[in-house]
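Here is what each chain is made of, one letter per residue.
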Amino acid sequence: MTSIHTLNQIIADAASAPSAHNTQPWSPRMIGDGEAVELRVARTRTLPASDPTGRDTLLGLGAWLEAFSVSAAAHRVDFDVELLPALADPEAIVHARSDEPVLRIQLSQAPNDGAHGQGSGTPNENASASGSSTGTGAHDQGTAVDASGSRSAAAGGAAPASSAGPDSDRQLLASRKTVRSDLAPAKGLVIELASSLPDWLRLVPVDADDLRHFSSLGTADTLRDPAVARELAHWLRLHPTHPRYHVDGLNDRVLGLPAVASRLVSPFTRNRRLREAAVRIVTPVGELWRRALLEVPVSAAGEDAPAAATAFVLVADSKLLDLGSGAEVTRVLNSPLGLPPERVLEAGQALMRLWLMATARGAAFAPTSEIIDSSLAQGELRYRLGLSRRDVPLFVTRVGAARAPNPPRAPRR
C-alpha cells in the first residue's frame, strides 16, 4: 500500500498541471489509507460560459492525470485507472454540480526491483467513460515499461517527456513554463513534438500572422458575450491585495501587465458594480472589434513549413478512432465535443507530455484558447488549415524559448 506521505507528494505534484484561466478544476480525494484516489471536478472551478462543451476541463483533468503519472513513476508507485460515468456527464464536467467522481485511481507500491512506476494511467482503446483502464503494462495510446523498468513508448503511443528517467521527468513538472510574452523560435521543435503523439492526434502548424488574427477575433467574439466577460473578470487577480492572488486565476505578473494598468483595472474585477459597468462597456466594444476583424480576408488551406513553425494546433482525427457505427458515430460527431470525453481526457495527457518535452528542451508554451472557445475564430482556423469535419481542434499555442529565463508561474492552491 502507498504511504499517505508519498501519496500526498504525488497529488501535490499533479496539481502543477495547466488549466484554462488557471482554474485548477480537479478535486482529488484519498480513499482509505492510501489505496486509491478518486478525482472529482471541483465546484465553482469550471468555465460554463467560455467552455460550454467541457473541453478545457477535460484537457485539464487529463493533464492532471499525466502529472500524477509522472510523479507516481518517480515514487515507484503502480496504479490502475477506472473511468466512471460522471466523465460523460455535463453536470459534472461543464457545471461542476455533481459530486460523483469522474475517475478512480487504484494504487499499489511497485516491487523494489528497480522498476519505476509502471502506471501510465492512459485509457486503452477499449476504455469508455463507464469502463476501466489499466495503468500497468503496454497500451496502444500510453506508456509502457521495458524489462529494465524504464518508461518507454508503446507502439503508437507517446514517448516519455525526457530520456533521463522518471526522477528527471518529475523535476520537469516544477520547471514547466507558460508565458504571455514573445517567444524566440525553436527550430524543429514542432516536428519533434509531433513525432511523439499517438496516430489519432497530430500537430498542425499555424502561421504567426494568422495566429494573431485568429486570437484577436476569438477575443473579440467571446468578450461580446456578457457572461464570458464576467467569467473572465472573476478569474483575474490583478493586484496582490486580491484575496486569491496567490491561489489561482490569472494575476498581473503572469499576464505581464504594467503595475499602473493592473492597479487601475483591478477594482473592476473585484467590485460587482464596477464589474457590471465594465461589462456594459466591453461587450459593445467586442462587437465592433469583431466586425472590423471580419473584414480581414482569410486565405484557404495553407501551412507553415513545420521546421519554421512557432505555433501549432493539437488536432484529433476522429476518422482514426473506433466510434462504433451508424447512429452511435453520428451521436458522437454531433455532440458538443465531437469526440468521446475519454478521448479528450487522453488528449490532455498527451498535451501534458508535449509540454514537458518542450520544457526539457528549454521551450515554453503560450496558449491561445480563445481561438477554440470562439466558434467564429475556430471556423476561420479550420478554413485556413483545411481541416475536415472529422478533425477536432483541441488546443492552440505558440511554442518557443522564453526570452525571460524565469517567467512568473501561475499560483497553485
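Up top is the structure these notes are about.
Keep in mind that this is a model prediction, so the values were computed, not measured.

### Let's talk about the overall build of the protein chain
- Scanning the protein chain for helices and strands turns up 14 helices and 14 strands.
- Contacts in the protein chain between residues at least 24 apart in sequence constitute 76% of all its contacts with a sequence separation of at least 6.
- Surface exposure of the protein chain reaches about 17,200 Å², of which carbon and sulfur atoms provide 53%.

### What to know about the pairing of strand β14 (residues 391–402)
- For β14, the buried fraction is high: 10 of the 12 residues fall into the buried class.
- As defined by bridge partners, strand β8 (residues 183–184) adjoins β14 across two bridges and the pair is classed as antiparallel. Across the sheet, the residue bridging to A184 is A401, located in β14.
- As defined by bridge partners, strand β12 (residues 311–317) adjoins β14 across seven bridges and the pair is classed as antiparallel. Considered in β14, the bridge of F312 is made with T397.
- Pairing geometry for strand β13 (residues 364–367) and β14, over four bridges, is antiparallel. Across the sheet, the residue bridging to A364 is G400, located in β14.

### Structural notes on the packing of helix α9 (residues 259–270) against helix α10 (residues 272–294)
- At a minimum axis separation of 5 Å, α9 and α10 run at an interaxial angle of 105°. Considering the angle they form, α9 stands roughly perpendicular to α10. Judged by residue contacts, P267, F268, T269 and R270 of α9 engage R272, L274, R275 and A278 from α10.
- Taken together, the residues that form the contact of α9 with α10 break down as four nonpolar, one polar and three charged.

### So, the side chain of D252
- Within the secondary structure, D252 sits in helix α8 (residues 252–255).
- The side chain of D252 sits in the buried core without any salt bridge; R253 is the nearest counter-charge, 6.3 Å away.
- Among all residues touching D252, those that are not within four sequence positions of it are R237, L238, Y245, L257 and S262.

### Notes on the environment of H242
- Relative to the assigned elements, H242 resides in the loop between β10 (236–237) and β11 (250–251).
- For the pair formed by H242 and R270, sequence separation is 28 residues and the distance between their alpha carbons is 7.9 Å.
- Ignoring any residue separated from it by four or fewer positions in sequence, one finds H242 in contact with L236, R237 and R270.

### A word on helix α12 (residues 341–360)
- The first and last C-alpha atoms of α12 sit 29 Å apart over 20 residues, in line with the 28 Å expected at 1.5 Å per residue.
- Backbone geometry just downstream of α12 places G362 in the positive-phi region, at approximately 80°.

### Quick notes on the pattern of salt bridges
- Scanning the entire structure with this criterion turns up 24 salt bridges.
- Notably, a salt bridge pairs R224 with D221, separated by 2.7 Å at the nearest N-O pair.
- Its salt-bridge partner being R291, residue E287 comes within 2.8 Å of it at the nearest N-O pair. One end of the pair is E287 and the other is R291, both in helix α10 and four residues apart, which spans about a single turn.
- Salt bridges sharing partners connect three or more residues here, namely R29, E38, R40, D99 and R104.

### Digging into the nonpolar core
- Counting 70 residues, the largest nonpolar core has W64, F68, L103, I105, L201 and F365 as the members making the most contacts within it.
- With 11 residues, the single largest contributor to this core is α12.
- Not counting the four nearest positions on each side in its chain, W64 is found in contact with A14, A15, A17, W26, P28, V37, L39 and I105.
- Within the second largest apolar cluster, 17 residues are counted, among which are V206, F214, L217 and L293.

### Remarks on helix α7 (residues 226–234)
- Listed as buried for α7 are V228, A229, E231 and A233.
- If you follow the buried residues of α7, they end up packed against α6 (208–223), β10, α9 and α10.
- Two to three positions downstream of the cap, the backbone nitrogen of A227 sits 2.9 Å from a side-chain oxygen, assigning the N-cap of α7 to D225.

### Focus: the environment of R202
- Here R202 lies in strand β9 (residues 201–205).
- Between the alpha carbons of R202 and V313 there is a distance of 8.1 Å; along the sequence they are 111 residues apart.
- Every residue in contact with R202, bar those within four places of it in the chain, is listed here: L197, V313, L314, V315, D317, L387 and D391.
- At 3.2 Å, the side chain of R202 and the side chain of D391 are in polar contact.

### Quick notes on the packing of aromatic side chains
- Counted by the stated rule, this structure contains five aromatic pairs.
- Here the aromatic rings of W355 and F395 are separated by 5.9 Å at their centres, their planes lie at 50°, and the arrangement is tilted. Residue W355 is found in helix α12, and its partner F395 is found in strand β14; the two are separated by 40 residues along the sequence. Judged on exposure class, the residue W355 and its partner F395 are both buried.
- Taken together through their ring pairs, the aromatic side chains of F312, W355, F365 and F395 make up a single cluster.
- The cationic tip of R176 hangs over the ring face of W355; the distance from NZ or CZ to the ring centre is 4.9 Å.
- Sitting above the plane of the W200 ring, R343 keeps its charged end 5.3 Å from the centroid.

### Thoughts on unusual backbone geometry
- If you check the backbone angles, H21 has positive phi at about 60° while not being a glycine.
- Even without a glycine there, the phi angle at T44 is positive, about 70°.
- Relative to the helices and strands, T44 is located in the loop between β2 (36–41) and α2 (55–74).

Parameters and conventions
Residues numbered from 1 in each chain as written. Predicted model: local features only at pLDDT ≥ 70, side-chain atom pairs only at ≥ 80, totals over all residues. Heavy atoms only, no water. Helix = DSSP H or I, 4+ residues; strand = E, 2+ residues; numbered from the N terminus. Contact = heavy atoms within 4.5 Å. Areas by Shrake-Rupley, 256 points an atom, 1.4 Å probe, with all protein chains shown as cover. Buried < 20%, exposed > 50% of the residue type's maximum accessible area, 1.4 Å probe, protein only. Pairing = 2+ DSSP bridges. Axes fitted to C-alpha atoms, helices over the stretch in contact; angles between N-to-C directions. Parallel < 35°, antiparallel > 145°, perpendicular 65-115°, else oblique. Nonpolar A, V, L, I, M, F, W, Y, C, P; charged D, E, K, R; others polar. Lys, Arg positive; Asp, Glu negative; His and termini not counted. Salt bridge = Lys/Arg side-chain N within 4 Å of Asp/Glu carboxyl O. Expected span 1.5 Å × (residues − 1). Core = buried A, V, L, I, M, F, W, Y, C linked by side-chain atoms within 4.5 Å. Polar contact = N/O pair within 3.5 Å; in protein donor to acceptor, adjacent residues only side chain to side chain. Phe/Tyr/Trp six-rings, centres within 6.5 Å; stacked < 30°, edge-to-face > 60°. Lys NZ or Arg CZ within 6 Å of the ring centre and 35° of its normal.

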